[in-house]
Amino acid sequence: MRTRSNVWTYGRLDVWTTFKERLRPHVHTSIPPYRLILLTALLVCGQTAYAQDRAVNPHGAFSRDVDCSACHRTDAWTPLRADLAFEHNLQTRFPLTGSHARAACAACHLDLRFDAPKAEANDCADCHVDVHQEAFAGACVDCHNTTSFENVEGLEIHNRTRFPLTGAHAQISCQSCHTSDEGGAFTLLDTECLSCHQPDYQAAHGGRGFPTTCESCHTTLAWAATPPFDHALVTGGFALLGAHEPLACAACHREPDFAPIFTPAGQDDCLACHQADYDRQHAGTGFPTACLECHTVEAWQGAVFDHGLVARGFDLVGAHTALDCSACHGPPPGLDPLFAPVDEDDCLTCHQADYDGAHAGAGFPTTCLTCHNADDWQDAVFEHATAANGFAMLGAHEQLPCTACHAPPPGFEPIFTPIDQNDCVTCHQPDYDRQHAGTGFPTACIACHNPDSWEGTVFDHGLVANGFALLGAHTLLDCSSCHAPPPGFEPIFAPVDQNDCVTCHQAD
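Calculation notes
Residues numbered from 1 in each chain as written. Predicted model: local features only at pLDDT ≥ 70, side-chain atom pairs only at ≥ 80, totals over all residues. Heavy atoms only, no water. Helix = DSSP H or I, 4+ residues; strand = E, 2+ residues; numbered from the N terminus. Contact = heavy atoms within 4.5 Å. Expected span 1.5 Å × (residues − 1). Buried < 20%, exposed > 50% of the residue type's maximum accessible area, 1.4 Å probe, protein only. Salt bridge = Lys/Arg side-chain N within 4 Å of Asp/Glu carboxyl O. Disulfide = S-S within 2.5 Å. pLDDT = per-residue confidence, 0-100.

S.K.: Before we go on, may I ask you to explain the overall build of the protein in this structure?
M.R.: Within the protein, the secondary structure is distributed over 13 helices and two strands. Within the protein, counting contacts between residues at least 6 apart in sequence, those at least 24 apart form 34% of the total.

Right under this line is the structure:
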């Protein structure tokens, strides 16, 4: 047998006699000649093939830095060593972890070619059938591990979807919802509650107009364990408050379809339901239909009436609060007003008779609150300055009877007409003439006098005598030293000013 270009061919064995003679001393005489020839041929061929084509490896294009002895034994090619020195995790692209480390080589390598399959560690689909039928996005390792294909955190994985499992949903099996899916082939389902709970909805709410947004009232903990019913959410904003809360549904809804008997526009539209109550108490009275301005949601009775709100700003204050409605209004149900005051301070419209009885012709202002108050008509506080153009009653004026300056009532016409508070001479002309007539004293009485008493004046000589103040020894002199006797008090000297001494002291 010989080779040419690594191709094996068969030649003649005519050298058999010579070859046989050579081997005779070395072979056992019991081996048949044809077997000896075959053995010899195999040895020759094996040595030649190993020498000429050493690169041929039954394990394929395997790493050359792996020594055969890492797996094989020296006493026999098979079976393999019990303690393989081959590091699969380091010398291949596929580390063996979990169940892969316990698998037989033949479980993945179907022949002796260990360079196939050319799989990466994450190429699960090369060996494992996708039981989910490509319904899930992502890689297998996002959910599975190499320890066990079924060892998955199902709840955590499901919570990454658009339907997290909470409450009772977390306690049920996958097949409870994925009823037609088996072996992991979970198809996508509708996440609306009604898609699964249609029978529950029909049993409890069928035909009653309840919304199909179940989560508005129910929770995932249990279908029956619902939070308090949110009436406002279902009825467009009408919350059950106060006395409405304990009412039976039939008070406002028809059964069994729960159609509303009333159609209020909103939470504060009381009249839509309470028209009969309003008509019974307020028909024809002009009362506003905004019931909550007086009533509360706790009870229809016990209203707190805001008169100012109903009567264009006329609040019932002071003595008005104790009056019976008939004092200002006609009898019910009309309650027509007997008076029509412009506003809160228009007292005269209602109290014209009282004003005429006390002030008719007296020129008193009709702004009654200037003197009177809302608590008592009699308890007036009269402000003379307000009524008399600024003339306040000060000092001795305050004790005078009205007749000292006014004609008798009811007219109270003024006897004097002073320009203002300091115009004393208009009223006190006789007093001035009696003491100062012809003296040249100024008529600005308050320069010396005060409103407490006409007597006890404080005389300012400098003011009267063109600036000549009485200083030093001058203050002790009698008036007759420099003036003629009263009532004239003509000056004996005529000094130019305070420092013109010689005019008076020429003799000195």
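Picking up where we left off.
S.K.: Any chance you could explain helix α9 (residues 348-359) here in plain terms?
M.R.: Three- or four-residue spacings in an α-helix give side chains the same orientation, since the helix completes a turn every 3.6 residues. Taking 1.5 Å per residue, 12 residues should reach 16 Å; α9 reaches only 12 Å between its end C-alpha atoms and comes up short. At the exit of α9 stands Gly 361, carrying a positive phi of roughly 75°.

S.K.: Could you clarify how one ought to interpret unusual backbone geometry in this entry?
M.R.: Excluding glycine, most residues fall at negative phi; most peptide bonds, likewise, are trans. Between Thr 78 and Pro 79 the backbone carries a cis peptide bond, its omega angle lying at -5°. With respect to the helices and strands, Pro 79 occurs in the loop between α2 (33-52) and α3 (88-91).

S.K.: It is not clear to me how the side chain of His 253 should be interpreted in this structure. Could you clarify?
M.R.: When you line up the elements, His 253 lands in the loop between α6 (231-234) and α7 (271-282). For His 253, a relative accessible area of 17% gives the class buried. Beyond its immediate sequence surroundings of up to four residues, His 253 is in contact with His 231, Phe 258, Ala 259, Pro 260 and Ile 261.

S.K.: Honestly, the pattern of salt bridges in this entry has me stumped. Any pointers?
M.R.: A side chain with one charge may pair with a side chain of the opposite charge, provided their charged atoms come close. With the rule as written, the count across this model stands at six salt bridges. For the salt bridge of Glu 120 with Arg 93, the shortest nitrogen-to-oxygen distance reads 3.3 Å. With a gap of 27 residues between them, Glu 120 in the loop between α3 and α4 (154-158) and Arg 93 in the loop between α3 and α4 connect regions that are remote in the sequence. For Glu 120, a relative accessible area of 37% corresponds to the partly exposed category. For Arg 93, a relative accessible area of 46% gives the class partly exposed. In this structure, Arg 434 engages Asp 431 in a salt bridge whose closest nitrogen and oxygen atoms are separated by 2.7 Å. A residue pair is termed a helical-turn pair when its members lie 3 or 4 positions apart in one helix, as Arg 434 and Asp 431 do in helix α11 (residues 425-436) at three residues. By relative accessible area, Arg 434 is classed as exposed at 55%.

S.K.: Help me understand helix α5 (residues 193-205) in this model?
M.R.: The end-to-end C-alpha distance of α5, which contains 13 residues, comes to just 14 Å, noticeably less than the 18 Å that a straight helix rising 1.5 Å per residue would cover. A positive phi of about 75° marks Gly 207, the residue just after α5.

S.K.: What should I look at first to understand the side chain of His 436 in this one?
M.R.: Position of His 436 relative to the elements: it lies in helix α11. Using a relative accessible area of 14% as the deciding quantity, one classes His 436 as buried.

S.K.: Looking at this model, I keep getting lost on the environment of Gly 167. Mind explaining?
M.R.: Tracing the backbone shows Gly 167 in the loop between α4 and α5. As for Gly 167 and Thr 220, which are separated by 53 residues in sequence, their C-alpha atoms are 4.8 Å apart. Excluding its chain neighbours within four sequence positions, the residues that come into contact with Gly 167 are Thr 220 and Leu 221.

S.K.: Got a minute to help me understand the state of the cysteines in this structure?
M.R.: A covalent bond bridging the sulfur atoms of two cysteines is what the word disulfide describes. All told, the structure shown has zero disulfides when counted by the stated rule. Cys 140 takes part in no disulfide bond, and the closest cysteine sulfur to it belongs to Cys 124, at a distance of 4.2 Å. A residue is classified by how much of its surface remains accessible, and Cys 140, at 32% relative accessible area, is partly exposed. For Cys 214, which is in no disulfide, the shortest distance to another cysteine sulfur is to Cys 193 and amounts to 4.5 Å. Residue Cys 214 is classed as buried on the basis of its relative accessible area of 5%.

S.K.: Explain the confidence of the model for the protein to me, please; I cannot follow it from the model alone.
M.R.: Mean pLDDT over the protein works out to 80, with 87% of the residues at or above the 70 mark. For the protein, per-element mean pLDDT is lowest for strand β2 (residues 7-9), which scores 32, and highest for helix α13 (residues 502-505), which scores 94. Confidence drops under a pLDDT of 50 for residues 1-31, and excluding neighbours within four residues, the segment shows 23 contacts in the predicted structure.

S.K.: Would you take a moment to explain the environment of Ala 82 for this structure?
M.R.: Inspection of the secondary structure assignment puts Ala 82 in the loop between α2 and α3. For the pair formed by Ala 82 and Cys 71, sequence separation is 11 residues and the distance between their alpha carbons is 8.3 Å.

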